[in-house]
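# Residue-level structural notes
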Amino acid sequence: MQKAEKRLQAILQKYNTNFVTKDYSKLDVNKKIFFKFRFMCLNKTTIAFMGIIFMLVAAGHTTNLFNNSTCMIDMPSDASKWFREPEICDICESVTEVVKVKNVSASAFYSNFVGPAKPVVVTDGAKYWPASKIFTFKFFQKLYKSSNHESESSSCQFFPYKTEFTSLHEALNMDVKRAELENGEPWYIGWSNCNDYAGRILRKHYEVPYFLPNTSENIALNWIFMGGPGQGAHMHVDNVQFPSWQAQLKGKKLWRLAPPPECYYKCQEMQVTVESGEIIVVDTNRWYHQTFILPGEISITIGSEFD
Ligand SMILES: O=C(O)CCC(=O)C(=O)O
C-alpha cells in the first residue's frame, strides 16, 4: 500500500494537470495521501523554523530585544481591569466623602479606614518630614545621576504620562527651564525607586507614617510622582498587592476617586484635595483614581504600599 501511495504521488507530481487531479480526487486513497501531504509540508524542520520565526516576532513585540521590558507579553496598561474580580460594593456603598482626620491612632486608623477600604486623608501625616524641604527636581537629579536606575531591577517602573520621556534618566535630564516650569512645556512623571542606595538616602528624609499599625509591613519600594500644575494621572485602577499611602510633600493634588463599574449604581464618585504635609491612604486596587495637580508650585509626593 505504501508503495502504491508513493507511486501515485510520483505520478501526480509528474502530471500535475487538472485532468489527473480531478480523477485522483475521486479515489479513496486521496484523503489519506492529501492528509499526509499537508503534514509533509509541516515536517520537523518546517515546524522548528516556524517556531523560531514565531518566537522572534513575539520577542520583537514583547520582550527586551528592542526595549528594556522583562515581560514575556506586554499587556496594555489597562489590562488589569479586564481580569479584576468584581467588587462587593460594601467598600463604597455608604462612603460619600473622603474624610480628613488627624492625630489618629493606629487601631482607629485600621478599623475605620484600612479594614473597610475607605479612602482617608491624614492631615498631620507628613507635617514635619524634612523631605518636604529637601526633595526637589534637582535633588532627584543629583541622587540618580551616578546610578543607572532603570537597569538595576525588573521592579523599576517609569510612567511618562503625557511627556515624551522614555526613562527616568531622560526625564531628569530635561532642560532646566522646563524642569522649573518656566518654558510652558508641562510635564508629570512617576517612578518606583528600585535603587538601594537611593532608597537609603530617601528614607533619611521621611518616616513610616505614624498611624500605620506596628504589625503592618511597610513595603520598601517607594513611588514618587512629580510634575507641574494641570498635569496628573488618568483614571485607572491598579493591580498591586496592598493599599497605598501617598504623602504630599510639595504642591497640591486633587484626587478623583470612582467606585468600580459594577458599583456605579450603588456608590458615588468623590474628590479630595491633598495639601502639602498631608497623607492620602487609598486602596488603589479597588478605587479607580485620577489626579490633577492644582495651580501653584510643582507637586512632589512619595508613597508606598503597606499591609
Ligand atoms: O499621584 C498620582 O498622580 C498618581 C498616583 C497613582 O496613580 C497611583 O498611585 O496608582
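Since this is a predicted model, take the numbers as computed values, not measurements.

As a further point, take the site of the ligand. Surrounding the ligand, one finds Gly190, Phe225, Gly232, Ala233, Asp238, Ser244, Gln246, Thr284, His289, Thr291 and Thr301. Within the residue set of the shell around the ligand, elements represented by two or more residues are β6 (244–250) and β10 (288–293). For the shell around the ligand, the class distribution of residues is two nonpolar, eight polar and one charged.

This part takes up the pairing of β10. Residue alternation in β10 divides its side chains into a buried set, His289, Thr291 and Ile293, and an unburied set, Tyr288, Gln290 and Phe292. Pairing between strand β7 (residues 253–258) and β10: six bridges, direction antiparallel. Residue pairing in the sheet places Leu254 in a bridge with Phe292 of β10.

Although it is not a glycine, Asn103 adopts a positive phi angle of roughly 50 degrees. Note on placement: Asn103 falls in the loop between β1 (99–101) and α7 (106–114). Here the phi dihedral of Tyr161 falls at roughly 50 degrees; this positive angle occurs in a residue that is not glycine. Mapped onto the elements, Tyr161 comes out in the loop between β3 (158–159) and α10 (168–172). Tyr161 gets classed as partly exposed once you count the C-beta atoms within 10 Å, which come to 17.

What follows covers the nonpolar core. Val121, Leu249, Ile279, Ile280 and Val281 are the most contacted members of the largest nonpolar core, which totals 41 residues. In terms of residues, this core owes the most to one element, strand β9 (residues 279–282), which gives four residues. Leave out the neighbours within four places in its chain, and Ile280 touches Pro119, Val121, Gln246, Trp255 and Val274.

Reading the values: the criteria
Residues numbered from 1 in each chain as written. Predicted model: local features only at pLDDT ≥ 70, side-chain atom pairs only at ≥ 80, totals over all residues. Near = placed C-beta within 6 Å. Helix = DSSP H or I, 4+ residues; strand = E, 2+ residues; numbered from the N terminus. Nonpolar A, V, L, I, M, F, W, Y, C, P; charged D, E, K, R; others polar. Buried ≥ 20, exposed ≤ 12 C-beta atoms within 10 Å, placed from the backbone. Pairing = 2+ DSSP bridges. Core = buried A, V, L, I, M, F, W, Y, C linked by C-beta atoms within 7 Å. Contact = placed C-beta atoms within 7 Å.

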